[in-house]
Amino acid sequence: MTKLAIIGGTGLTQLSDLTIIKTEKMDTPYGASSAAFVTGELCGKEVIFLARHGNPHTIAPHKINYRANIWALKQLGVEKIIAVAAVGGITQEMVPAHIAIPDQIIDYSYGRLHTFFDDEKYPLTHIDFSYPYNQALRAGLITAAAAANIGISTYGTYGCTQGPRLETAAEIKRLAQDGCDLVGMTGMPEAALAKELGIEYAAISVIANWGAGISAGEITMAEIEENLHVGMANMAKVLKAFIAAT
Ligand code: HPA
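The rules we used
Residues numbered from 1 in each chain as written. Predicted model: local features only at pLDDT ≥ 70, side-chain atom pairs only at ≥ 80, totals over all residues. Heavy atoms only, no water. Helix = DSSP H or I, 4+ residues; strand = E, 2+ residues; numbered from the N terminus. Rg over C-alpha atoms; globule rule 2.2 N^0.38 Å. Buried < 20%, exposed > 50% of the residue type's maximum accessible area, 1.4 Å probe, protein only. Contact = heavy atoms within 4.5 Å. Areas by Shrake-Rupley, 256 points an atom, 1.4 Å probe, with all protein chains shown as cover. Lys, Arg positive; Asp, Glu negative; His and termini not counted. Charge placed at Lys NZ, Arg CZ, Asp CG, Glu CD. Expected span 1.5 Å × (residues − 1). Arc of directions from axis to C-beta. Polar contact = N/O pair within 3.5 Å; in protein donor to acceptor, adjacent residues only side chain to side chain. Salt bridge = Lys/Arg side-chain N within 4 Å of Asp/Glu carboxyl O. Core = buried A, V, L, I, M, F, W, Y, C linked by side-chain atoms within 4.5 Å. Near = heavy atom within 4 Å. Nonpolar A, V, L, I, M, F, W, Y, C, P; charged D, E, K, R; others polar.

Visitor: Run through the overall build of the chain, naming residues and quoting values.
Guide: What the chain contains, in helices and strands, is five helices and 10 strands. Over its C-alpha atoms the chain spans a radius of gyration of 17 Å, differing by no more than 12% from the 18 Å that the globule rule assigns to 246 residues. Expressed along its principal axes, the backbone C-alpha trace of the chain runs to roughly 45 × 40 × 35 Å. The burial tally for the chain puts 52% of its 246 residues in the buried class. In the chain, the share of contacts with a sequence separation of at least 24, taken over all contacts with a separation of at least 6, comes to 81%. Summed over its atoms, the accessible surface of the chain is roughly 11100 Å², and 54% of this surface lies on carbon and sulfur atoms. Averaging the coordinates of the 18 positive side-chain charges in the chain and doing the same for the 24 negative ones gives two points 3 Å apart.

Rendered as structure tokens:
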């Protein structure tokens, strides 16, 4: 069976219902990963779980060691990654607590160590990144959502911002004009690094709030937590249906 990893973001620091088999730390040439890698069984299948922001959740998006995380997963034999992340919603369909399976990325982040191909360890390669998410994995997630009876959006351009602050209203307006449906802080360089190492990668975006300036008033942590509570419960159903079918 191909090895599957789940990378959990805000609102998913642990995979509930995972029967833990082992927990291991990994040394990498890029430094320490965000957390230990938890191998366990979910729906009768083996999966590896990694908490992107650490466990407990302390690592800011721009400080995540994306290279260590992806390199270690490759060493563990992982061939497929499902990346779960909280996002802001920008376009009409992307309402809080809803789920989307994004199909495109625009990267606005900066200053992150974003490639393996910058020293002697790997030969310089310009990967094709026209379609950043693996189409077969995306299709599997979309089918799983239907099987679990969870309504989702089957598309979405994900704009990756630097964080950790949320955006200004003008920044969200600009993202909308650029064609972004969703905004998050951790989608890149994670997706590109996975592609560089030949790991199939798809994402589940759980919408925590409207992007800045879309709804009246400030974006509060209480609102984010409330929406993530609902969205992550639905996400878990999609994930389980996906794993059961793989
Ligand atoms: N912007 C960026 N990242 C996010 C947001 C947002 O509004 N909500 C959750 N993650």
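Now that the structure is up, let's keep going.
Visitor: So, helix H2 (residues 135-147): which residues are in play, and what are the values?
Guide: For H2, spanning 13 residues, the distance from its first C-alpha to its last is 18 Å, which sits close to the expected 18 Å at 1.5 Å a residue. Listed in full, the buried residues belonging to H2 are Leu 137, Arg 138, Leu 141, Ala 144 and Ala 145. Viewed end-on, H2 has its buried residues packed into an arc of 125 degrees, placing them on one side of the element. In this structure, H2 carries Ala 136, Thr 143, Ala 146 and Ala 147 as exposed residues pointing more than 90 degrees from its buried face. Where H2 starts, the residue carrying a side-chain oxygen 3.1 Å from the main-chain nitrogen of Ala 136 turns out to be Asn 134. Phi turns positive one or two residues past the end of H2, at Asn 149, with a value near 65 degrees.

Visitor: Give a description of the pattern of salt bridges that names residues and reports values.
Guide: This structure, assessed with the given rule, holds nine salt bridges. The closest approach of N and O atoms between Glu 24 and Lys 22, which form a salt bridge, is 3.8 Å. Given the relative accessible area of 43%, Lys 22 is considered partly exposed. When the shortest N-O distance is used, the salt bridge between Asp 178 and Arg 174 registers 4.0 Å. Residue Asp 178 and its partner Arg 174 are both found in helix H3 (residues 169-178); the two are separated by four residues, about one turn of the helix. In this structure Asp 178 comes out as partly exposed when scored by relative accessible area, which is 37%. The class of Arg 174 is partly exposed, set by a relative accessible area of 47%.

Visitor: Account for the nonpolar core, naming residues and giving values.
Guide: Core analysis: the largest hydrophobic core is formed by 72 residues, its most contacted members being Ile 6, Leu 15, Ile 70, Ile 81, Ile 82 and Met 235. It is helix H5 (residues 221-245) that contributes the most residues to this core, nine residues altogether. Once you skip the residues sitting within four places of it in the chain, Met 235 turns out to touch Leu 12, Val 84, Ile 99, Ile 204 and Val 206.

Visitor: I'd like a rundown of the side chain of Thr 157, residues and numbers included.
Guide: The topology assignment puts Thr 157 in strand S8 (residues 157-160). Those residues in contact with Thr 157 that lie beyond four places of it in its chain are Asp 103, Gln 104, Ile 105, Ile 106, Gly 179, Cys 180, Asp 181 and Leu 182.

Visitor: Which residues make up the site of the ligand, and what values do they have?
Guide: The ligand sits among Ala 86, Val 87, Gly 88, Leu 166, Glu 167, Val 183, Gly 184, Met 185 and Asn 209. A distance of 2.7 Å separates a nitrogen atom of the ligand from a polar atom in the side chain of Asn 209. Surface burial for the ligand is 92%, taken as the share of its 260 Å² of free accessible area covered by protein chains. Those elements that place two or more of their residues in the shell around the ligand are strand S5 (78-89) and strand S9 (182-184). No other element matches the three residues that S5 contributes to the shell around the ligand. In terms of residue class, the shell around the ligand is made up of five nonpolar, three polar and one charged.

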